[in-house]
Amino acid sequence: MCSPEEEALRRLEEVFSATLARINSLVLQPLLGTTPEPSDPQIRECLRLVQQLHQSSQRLWEVTEESLHSLRERLGHQDAVGLESLLLLRDADRVLQVHVEYIESYASCVAVQAFPKAAKKRREFWRGQRKALGQLLSGVSSEASVGTALTQALRQPLAHHVQQYVLLLLSLGDSVMEPHPARELVVHAATLFGNLQSFMRQALDQALATQALWHSLSSRLRDVLCTPARRLLQDSQDVAVTVTPLRAERVLLFNDALVLLQGHSVHTFDLKLVWVDPGQDGYTFHLLTPEDKLSFCSKNPRDLMVWQWKVTQAVCQALRGKKDFPVLGAGLEPSEPPACRCVAYTFRAEGRLCQATYEGEWCWGRPHGRGTLRWPDGRNHVGSFCQGLEHGFGIRLVPQASEDKFDCYKCHWREGSMCGYGISLVTLCRYGTDEVYKGYFWAGLRHGFGVLESTPQAPQPCRYTGHWEKGQRSGYGIEEDSDRGERYIGMWQADQRHGPGVMVTQAGVCYQGTFQADKIVGPGILLSEDDSLYEGTFTRDLTLVGKGKVTFPNGFTLEGTFGSGAGKGLHTQGVLDTAAFPPDPSSTRKRQLGVGAFPVESRWQGVYGPFRDFVSAGCPGDEQEALLGFHVQNSRELRKSQEYLCCERTQPEACAGRMEDVLDELLLHREPRALRECLGKALSSSLHPLGKLLRMLMLTFQATYAGIGANKHLQTLAQEEVKQHARELWAVYRGLLQVALRRKGQAPEEDEDLEARDLQVHGLMLPLMLPSFYSELFTLYLLLHESEDSLYSQGIANLSLFPDTKLLEFLDVQKHLWPLKDLTLTTNQRLSLVRDKCFLSATECLQKIITTVDPREKLEVLEKTYGEIEATVSRVLGQEYKLPMDDLLPLLIYVVSRARIQHLGAEIHLIRDMMDPIHTGGLYDFLLTALESCYEHIQKEDMRLHRFPGRWDSKELW
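Heads up: these notes are all about the structure in this document. (Residues numbered from 1 in each chain as written. Predicted model: local features only at pLDDT ≥ 70, side-chain atom pairs only at ≥ 80, totals over all residues. Heavy atoms only, no water.)

## Thoughts on the packing of aromatic side chains
This structure, assessed with the given rule, holds 29 aromatic pairs. Arranged with centres 5.1 Å apart and planes meeting at 80 degrees, the rings of Tyr-476 and Trp-604 form a pair that is edge-to-face. Within this pair, whereas Tyr-476 is found in strand E19 (residues 472-481), its partner Trp-604 is found in the loop between helix H12 (585-589) and helix H13 (605-616), the two being separated by 128 residues in sequence. When sorted by exposure, Tyr-476 lands in the same class as Trp-604, which is buried. Counting every residue linked through ring pairs, the aromatic cluster contains Tyr-437, Phe-441, Tyr-464, Trp-468, Tyr-488, Trp-492, Tyr-511 and Phe-515. For Arg-379, the ring lying beneath its charged end belongs to Trp-375, and the centroid distance is 4.3 Å. Here the guanidinium or amino end of Arg-497 rests over the ring plane of Tyr-488, the centre of that ring lying 5.4 Å away. (Phe/Tyr/Trp six-rings, centres within 6.5 Å; stacked < 30°, edge-to-face > 60°. Helix = DSSP H or I, 4+ residues; strand = E, 2+ residues; numbered from the N terminus. Buried < 20%, exposed > 50% of the residue type's maximum accessible area, 1.4 Å probe, protein only. Lys NZ or Arg CZ within 6 Å of the ring centre and 35° of its normal.)

This is the structure in C-alpha cells:
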C-alpha cells in the first residue's frame, strides 16, 4: 500500500518540474536570446556560463520527469510495483549528481555576476518581468535589482525542493520498518540529500564570498585572478596570517591556487603542487612548492590551525578535481593529501631548469619518479627522477643547429648526470654521419669501458673499444682505422696513443713499440708477413728510418742506417752478414707481440670492475639495469627513440625480481653436475650478470683479434686473455653465491685457495665459456701453425697413396699386430688388402676430435682412440695386450694418416695451451705427447718425399 509520503513526493515532483520549465522559458532562454554575439569578452563568458546552467537545468528537468514517472507507476500499480522501483531510491546517486551539476553551474554564475551582466542590455525587459518572477518566488522585494531577482529565481525553487526531499524521505524512512527491502535505499537517499543541503549552502556561500572579493580588488588584479570556477576559501583579512620570505600584504586561498599579493606583484601557487609540512611549535607551518618554501606564521595558534586545515583540504580537493561531498567537517575525518602526485609545471627561477616544463610524478615539491622534462631550446629528457634530479634510466635529446637533428643519450643517471651503462648517438653535422657510443658514463662523461664507432660513411671511419677517463680515451684500448687498414692495440692517455702499443696492418705487417702523444718514439720491433724481423726506429707509416737491424727468415742479418727518399724506395748503409747460423724456423714464425707489455690482469679492468663492484655491493636492484644495460640493437633503433622517446627495457621491478631468481638458482645448484648446467644456462642468457659479462668480453675479444687483428703474432696475447676471462667469470660467480648465502641468512663459504680456484676455472668455467671465443682463437692458432700444417698435409697426402699393408710395413708396425683377420678378401683382392679398413674404429673415433671445442673432450676422444687401437690389437692377438710406446707410435701414425684431420697442429697446440693443468704428467699428457710425435713424424722429409718402388704398379696400389 502506498504511503502519504509517496503521494507528497509525486506532488512535489510535479510542482518542481513545472517550475523548472517556467524558469527555462521565463529566465534562461531570454537571457541567452537577448542579443547577437556580444563583442565584450566578459559578456560572452557570462553567456557561456548561462548556457551551461541552461543545459544543467534541462538535465535536472529530465531526471525530475523520470522520477515523477516512476512515482506515478508506483501509485497506479501499487500491488505490482515495489517501493524500490522509485528512481529517487534505486538511482539516488545519479539524481544527486544532476543536482550537484546544477548547483555548481549556478554558483559559477553567481561568483562572476553572470546574471546581471548578461541582462545588462535589456534592463527594461527584465523590469517588466518582475511580476512574473514574483509569482515564482516568495520574499522578492519589488525594489530588488534585476540581478538579485534573477539570482533568487534560479536558486529558491531548488533550495525549497531539496529541503522538501529531505523531510519527505526522512518521514518515509520512519514509516518503512527495518525488514522492508527498501528501507536501506530510503535511508541512503535521505542521507544524500541531507548532505546536498549542506553542500548547496557552502557552494553559495563561497560563490558570494568570491563575488565580494572581486569587487574589492583592482581591475588589474581582477583580470589576472578571476575565473568562473575559482572560489575563495580563506582571506588573510578575515583570519590574519603572515607568510615569509615573500612578506605578502594579503593571502588568498582559492580552491585551485594559493595567491600572495605583494604590492603590484601577484604570486600564484598551484595547489596540486603544494605540500603542507606541519610545524612543531604551533605558531608556524610550511608549504613546499617546486621552487619556494613558504612559512605561515600567526600570533594566534587557532588562526594558524584554520589556515593549515583549509590549505590541506583545499590541496586534497584540487588533486581530486572536485569539491568534497559531503562538505568537509560534516562528520568525515579530515583527509591528508598524498605525498606523490602527477602534475605538469613550468619552472620560472633562474638555473638549469629555467623555463623548462616538467610533466610527471612529484614528491614533496620535487620531480620524483617517472616524468618528462622539456626545455624551450628543444632539449627533452624522459626517464626517472629523484628529489628533483635525473636519477635512474633516462633518454635525453639535445637538438643540433640543423633542423630535425638531435643527439640522443640513453643512459642511467645519478643526481642529474649520466652515470652507469648508456648509449649515445651523436650526429656530426659537418658530415651528416652518426657516432655511436655504447659503454659506461660517470658525471656525464664517458668513463670506464666503452665502444665508440662511426658509420662507414664517415670521412675517417674508425672504431675504438677500450677504456675512458673523464670523456677521453685513457688506459688499454683497441682502435681500428678502416681507412688506413690498421689496428692499434695498446695504451692511451688524454685521447692519444701513449705508452706501449702494438700496430697490426691489413697487409700483415706488425709493430711493437712505444707511443708518446700519438707518435711512435724510440726503438721498436717490426715483423713483416714473411717473418723478417726489424729492430730499430721507423716512422708513423712504419717506414724504416735511422739505425736498425733486419733479420731475414734464412738467418741473414742487415745492420746499419735506413732511410727513404721521395720515389726512391728504401735505401740503407750497413753490413750484411750471410754467415749467421739459420735460426729455428718455428721460433722465427712464432714471435709473439704484446706479451709482457700489457699484463693480462689489467687489460680489461673497465669491464671486470663494474661487475665486481655490483657483487661487492650485494647486487642492489637499483644498480642492476645500470650494470646490465638495456636492449638497443642498432642506430636505427636509436633514431626511432629520438622520434618517440622510447626504449625497449626491462622495468627495474622486474630486474630486482630477476636478480632474486638468479641468486635462488645458484643456491639450488651447487653440486658439480647441477652447477655445470646452471652456469651453462647463465652464460647463455643476456639477462644474467654472468651472461652479460661474457658478451662484453666477447665484444672486446672480437674487436682485438677478428678481422685485421687475426694475426699469428697475437696468439699468445689472445690465449692468456681467454684464461683470464675464465678466472674473472668464476670470481663473479663466487661473489654472486656469497651474496645469495647472505640474503638467506646462511654462513658464507670459505675463500678458495689458488689451487682450488684453478681447478674450478680450468675444469668447469673454461670449457663452458671457450666456445664463445673459439672461432677467433682457433684462427690465430691456424695462422701460427700454418707452415707446420702445410708440411703435415703434404705428408698425409703421400701416406694416403699407400695401401694398408704397405703403409703398415713402411711404418715398421710389427706384422703380428696387423689386423689381417678383420678383413675379408674377394677374388679380385688377393694381391692386396682393401685400403682404409685397418683400425677403422680408431680412425673414426679420432676424427671426432674436431667436433668439439672443449680441450677435455678432445683429450677424451684421444683416450678413446687409444682404447680402440689397443682393443683391435688385443683382438688380433687373442689376448689383452698393453701397447708399449715403440708399438703405439707407428700404429698411431697409421690412424692419424687415415683420419686425415686438417690443421692438426693448430688442434694439438690449442689443446696443450688450454687443457687443465691437473692433467699434466698424466695419461692425457702422455697421449697428447704421442699425438705430437705422430704429427712431427708425418712432417719429416722422408714422409713427404717418399717415392714408392718402381716395381709397384697402379693395380698394386689398389
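## Description of the sheet that holds strand E5 (residues 265-270)
Hydrogen bonding along the main chain pairs the strands of a sheet, whether they run parallel or antiparallel. Taken together, four strands build an open sheet; the order of strands is E1-E3-E4-E5 and the sheet is antiparallel. This sheet does not close on itself; its edge strands, each paired only once, are strand E1 (232-235) and E5. Going from strand to strand, the sheet's axes swing by 20 degrees on average, the running direction of each strand aside. Note: E1 against strand E3 (residues 250-254), three bridges, orientation antiparallel. By the bridge assignment, Gln-234 is partnered in E3 with Leu-253. (Pairing = 2+ DSSP bridges. Axes fitted to C-alpha atoms, helices over the stretch in contact; angles between N-to-C directions.)

## Looking at helix H1 (residues 4-32)
Along its 29 residues, H1 runs 40 Å from first to last C-alpha, staying within 8% of the 42 Å computed at 1.5 Å per residue. Of all the bends found along H1, the most pronounced is centred on Asn-24 and spans about 35 degrees. (Expected span 1.5 Å × (residues − 1). Bend = angle between axes of the 7 residues up to and from the residue.)

## Quick notes on the environment of Arg-540
For Arg-540, the location among the structural elements is in the loop between strand E24 (533-538) and strand E25 (544-551). For Arg-540, a relative accessible area of 28% corresponds to the partly exposed category. Dropping the residues within four chain positions of it, Arg-540 is found in contact with Arg-484, Glu-486, Arg-497, Met-503 and Ile-520. (Contact = heavy atoms within 4.5 Å.)

## Re the pattern of salt bridges
As enumerated under the stated definition, the model contains 38 salt bridges in all. Among the ionic pairs, Asp-495 bridges to Arg-473, the shortest N-O distance being 3.0 Å. With Asp-495 in the loop between strand E20 (486-493) and strand E21 (496-505) and Arg-473 in strand E19, this pair connects stretches of sequence that are 22 residues apart. Note that Lys-712 is salt-bridged to Asp-531, the shortest N-O span being 3.0 Å. Here Lys-712, found in the loop between helix H18 (689-705) and helix H19 (715-743), pairs with Asp-531, found in the loop between strand E23 (519-527) and E24; they are 181 residues apart in sequence, far enough to count as distant. (Salt bridge = Lys/Arg side-chain N within 4 Å of Asp/Glu carboxyl O.)

## Describing the side chain of Lys-858
The topology assignment puts Lys-858 in helix H25 (residues 855-877). Contact partners of Lys-858, with chain neighbours within four places excluded, come to Tyr-774, Ile-849, Ile-850, Thr-852, Val-853, Glu-907 and Ile-911.

## Quick look at a nonpolar patch on the surface
A grouping of Met-885, Leu-923 and Phe-926 is seen on the molecular surface, where their side chains present a nonpolar patch of about 240 Å² in accessible area. Relative to the helices and strands, Met-885 is located in helix H26 (residues 885-899). (Patch = residues over 30% accessible without salt bridge, like charges linked within 9 Å, V, L, I, M, F, W, Y side chains within 5 Å. Areas by Shrake-Rupley, 256 points an atom, 1.4 Å probe, with all protein chains shown as cover.)

## Thoughts on the nonpolar core
Among the nonpolar cores identified, the biggest contains 76 residues, and Leu-690, Val-722, Leu-729, Met-769 and Leu-777 are the most heavily contacted of them. The element that contributes the greatest number of residues to this core is H19, accounting for 13 residues. Apart from the residues within four sequence positions on either side, Leu-729 is in contact with Leu-683, Leu-690, Leu-693, Leu-694, Leu-697, Met-765 and Met-769. (Core = buried A, V, L, I, M, F, W, Y, C linked by side-chain atoms within 4.5 Å.)

## Considering the environment of Val-243
Summarising the element assignment, Val-243 is placed in strand E2 (residues 242-244). Looking at Val-243, the relative accessible area reads 0%, which means it is buried. The spatial distance from the C-alpha of Val-243 to the C-alpha of Leu-260 is 8.5 Å, given a sequence separation of 17 residues. Among residues more than four places away in sequence, those in contact with Val-243 are Ala-248, Val-251, Leu-260, Leu-294, Ser-295 and Phe-296.

## Brief notes about empty space enclosed by the protein
Tallying each qualifying case throughout the model produces two cavities of 30 Å³ or more. The volume enclosed by the largest cavity comes to roughly 60 Å³. Lining the largest cavity, in full, are Tyr-102, Ile-103, Tyr-106, Ala-107, Arg-155, Leu-158, Met-200, Ala-203 and Leu-204. Residue assignment for the lining of the largest cavity shows that the elements contributing at least two residues are helix H4 (92-111), helix H8 (146-175) and helix H9 (183-216). With four residues, H4 is the single largest residue contributor to the lining of the largest cavity. Residues belonging to the lining of the largest cavity are distributed by class as follows: eight nonpolar, no polar and one charged. What lines the second largest cavity is simply Leu-862, Thr-865, Tyr-866, Ile-869, Leu-888, Leu-892 and Leu-927. Broken down by secondary-structure element, the contributors of at least two residues to the lining of the second largest cavity are H25 and H26. Top contributing element to the lining of the second largest cavity by residue count: H25, with four residues. Of the residues contributing to the lining of the second largest cavity, the split by class is six nonpolar, one polar and no charged. (1 Å grid on protein atoms, 1.4 Å probe; cavity = no way out; pocket = protein on both sides within 12 Å on 5 of 7 lines; lining within 4 Å. Points joined across faces, edges and corners; volume = space filled by probe spheres on them. Nonpolar A, V, L, I, M, F, W, Y, C, P; charged D, E, K, R; others polar.)

## Some words on the pairing of E3
Within E3, five of the five residues are buried, which leaves it mostly tucked inside the rest of the structure. Neither face of E3 is left uncovered, since the one carrying Arg-250, Leu-252 and Phe-254 and the one carrying Val-251 and Leu-253 both have all their residues buried. Relative to strand E4 (residues 257-262), E3 runs antiparallel, the two sharing four bridges. In the strand pairing of E4, Leu-253 is matched with Leu-258. Between E3 and E4, which follow one another and run antiparallel, lie two residues.

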